[in-house]
Amino acid sequence: HGPWPAATGCACKLARATHQALPLNRALVSRAFRHAFGREPQALYAHFDPDAFAAASLGQVHRARLADGTELAVKVQYPGMAETVSSDLRLLRTSLSAIGHERLGLPGDEVVDAVLDEIRRQLALELDYRHEAAQQAWFAEHAGHPDIAISSVIPELTCTTVLTQHFMPGRHVDAWLSSQPSQGRRDRAGQALFDGFLRCAFVHRRIHADLHPGNVLFDDDGRVVLLDFGSTCELGAAFTRGLATSWWTWLRHGTLGAAALLATYRELGLIEPDLSVEVFE
């Protein structure tokens, strides 16, 4: 009766899509490796499972093993993703030009074009697994928290469309919570996520920009495992300084610090420069 069941079903499907999308068949997986390395995956690894154990929007992940027994997770990009993204963005731009201003109330073409250009730039980075490997290595070095784990990459088995890394065991949040971890373990995991994220943001000024539940695992040692570093973002010094100042102002003074908060918002470009304190309050 009514839209609620359908909406709930849609939400469940979207949640599963973060790491449980429909995988490629074996023939397409082999073709992807031949295109990337000129060889079948069985020629690169001592063992390669052709059936993916996880799949999301841009690629899927397979279990593999080296000759020395090292367990691996191999991410394979879906064939033709770059062309698909380019085509989809062109169609989106055409659609927005036709209906965006009249029906959706979008801003001018220059704003829409700037946003789509940024989306195109970011997606191009996400489609380059060599870039992701470099970002992953950086975060593994700088995360600086004992309860955060990040897998190391195997460079010689990584290219633009294939990323090979050490396998990291763990469960996604729904499965982890179903095991009924103690409140202490939940608090510890939440604190690790919070501390690790803010350390990277305010000390190193770089963030993992795609921290949805599909990219976080919880292992049996109480650590939080971070996955998928295709989308990251560098933050400017002025931005992080201004954001920290605004938070500090709220914590110290609350609404009594309106004038100082207004000045910080002006510096960040978040507010009209001629807005008065009275109106701001």
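Our subject is the structure that appears above.
A brief look at the structure comes next. Just so we're clear, the structure is a prediction, and the values are computed from it rather than from any experiment.

Here is what the cut-offs are and how they apply
Residues numbered from 1 in each chain as written. Predicted model: local features only at pLDDT ≥ 70, side-chain atom pairs only at ≥ 80, totals over all residues. Heavy atoms only, no water. Phe/Tyr/Trp six-rings, centres within 6.5 Å; stacked < 30°, edge-to-face > 60°. Helix = DSSP H or I, 4+ residues; strand = E, 2+ residues; numbered from the N terminus. Buried < 20%, exposed > 50% of the residue type's maximum accessible area, 1.4 Å probe, protein only. Pairing = 2+ DSSP bridges. 1 Å grid on protein atoms, 1.4 Å probe; cavity = no way out; pocket = protein on both sides within 12 Å on 5 of 7 lines; lining within 4 Å. Points joined across faces, edges and corners; volume = space filled by probe spheres on them. Nonpolar A, V, L, I, M, F, W, Y, C, P; charged D, E, K, R; others polar. Axes fitted to C-alpha atoms, helices over the stretch in contact; angles between N-to-C directions. Parallel < 35°, antiparallel > 145°, perpendicular 65-115°, else oblique. Contact = heavy atoms within 4.5 Å. Salt bridge = Lys/Arg side-chain N within 4 Å of Asp/Glu carboxyl O.

With the rule as written, the count across this model stands at 10 aromatic pairs. Seen in terms of ring centroids, Phe33 and Tyr45 are 6.2 Å apart; in terms of plane orientation they differ by 90°. Their pairing is edge-to-face. A residue pair is termed long-range when its members are at least 10 positions apart, and Phe33 in helix H2 (residues 26-37) and Tyr45 in the loop between H2 and strand E1 (47-48) qualify at 12 residues. We note that Phe33, like Tyr45, is buried. With 4.2 Å between their ring centres and 10° between their planes, Trp176 and Phe218 make a pair best called stacked. Taken as a pair, Trp176 in helix H6 (residues 173-178) and Phe218 in strand E8 (residues 216-218) lie far apart in primary sequence, 42 residues in all.

This part is about the pairing of strand E3 (residues 59-65). Extensive coverage of E3 is indicated by the burial of 5 of its 7 residues. By the bridge criterion, 2 bridges tie E1 to E3 in an arrangement that is antiparallel. Bridging across to E3, Phe48 finds its partner in Ala64. Relative to E3, strand E2 (residues 54-55) runs antiparallel, the two being bridged by 2 bridges. Within E3, the residue paired with Ala55 across the bridge is Gln60.

In the structure shown here, the tally under the stated rule is 1 cavity of 30 Å³ or more. Size it by volume and the largest cavity reaches roughly 100 Å³. Among the elements of the structure, strand E5 (148-150), helix H7 (183-202) and strand E7 (206-208) are those that each provide at least two residues to the lining of the largest cavity. By residue number, the principal contributor to the lining of the largest cavity is H7, which donates 4 residues. Here the lining of the largest cavity is composed, by residue class, of 10 nonpolar, 2 polar and 1 charged.

All right, on to the sheet that holds E8 then. Pairing is mixed across the open sheet formed by 3 strands, whose spatial order is E5-E9-E8. The open sheet is flanked by E5 and E8, the only strands paired with a single partner. On average, adjacent strands in this sheet sit at an angle of 30° to one another, irrespective of strand direction.

With that out of the way, let us pick up the packing of H7 against helix H8 (residues 237-253). Each pair of packed helices gets described by two things: the angle between the helix axes and the distance between those axes. Relative orientation of the contacting elements H7 and H8 amounts to 125°, with a least axis distance of 10 Å. When the axes of H7 and H8 are compared, the pair comes out oblique. Seen from H7, the contacting residues are Leu198, Ala201 and Phe202; seen from H8, they are Thr240, Leu243, Ala244 and Trp247. Of the residues that constitute the contact of H7 with H8, the class distribution is 6 nonpolar, 1 polar and no charged.

By volume, the largest pocket amounts to about 650 Å³. Taken together, 35 residues make up the lining of the largest pocket; nearest its centre are Val61, Gly214, Asn215, Leu227 and Asp228. Mapped by element, the contributors of at least two residues to the lining of the largest pocket are E2, E3, strand E4 (71-77), helix H5 (129-142) and strand E6 (162-166). Residues of the lining of the largest pocket, tallied by class, amount to 14 nonpolar, 15 polar and 6 charged. Lining the second largest pocket are 13 residues, and of these His35, Tyr78, Pro79, Gly80 and Thr161 lie nearest its centre. Counting only elements with at least two residues in the lining of the second largest pocket, the list comes to H2 and helix H3 (81-103). Here the residues of the lining of the second largest pocket sort into 6 nonpolar, 5 polar and 2 charged.

Scanning all chains against the criterion turns up 14 salt bridges. The partner of Arg121 in a salt bridge is Glu118, with the nearest N and O atoms 2.8 Å apart. A residue pair is termed a helical-turn pair when its members lie 3 or 4 positions apart in one helix, as Arg121 and Glu118 do in helix H4 (residues 109-126) at 3 residues. Exposure remark for Glu118: the relative accessible area of 39% places this residue in the partly exposed category. Note that Asp220 and Arg171 form a salt bridge whose closest N and O atoms lie 3.4 Å from each other. In this pair, Asp220 sits in the loop between E8 and strand E9 (224-226) while Arg171 sits in the loop between E6 and H6, placing the two residues 49 residues apart along the sequence. Overlapping salt bridges, with partners in common, bring together Arg63, Arg65 and Glu71 in one network.

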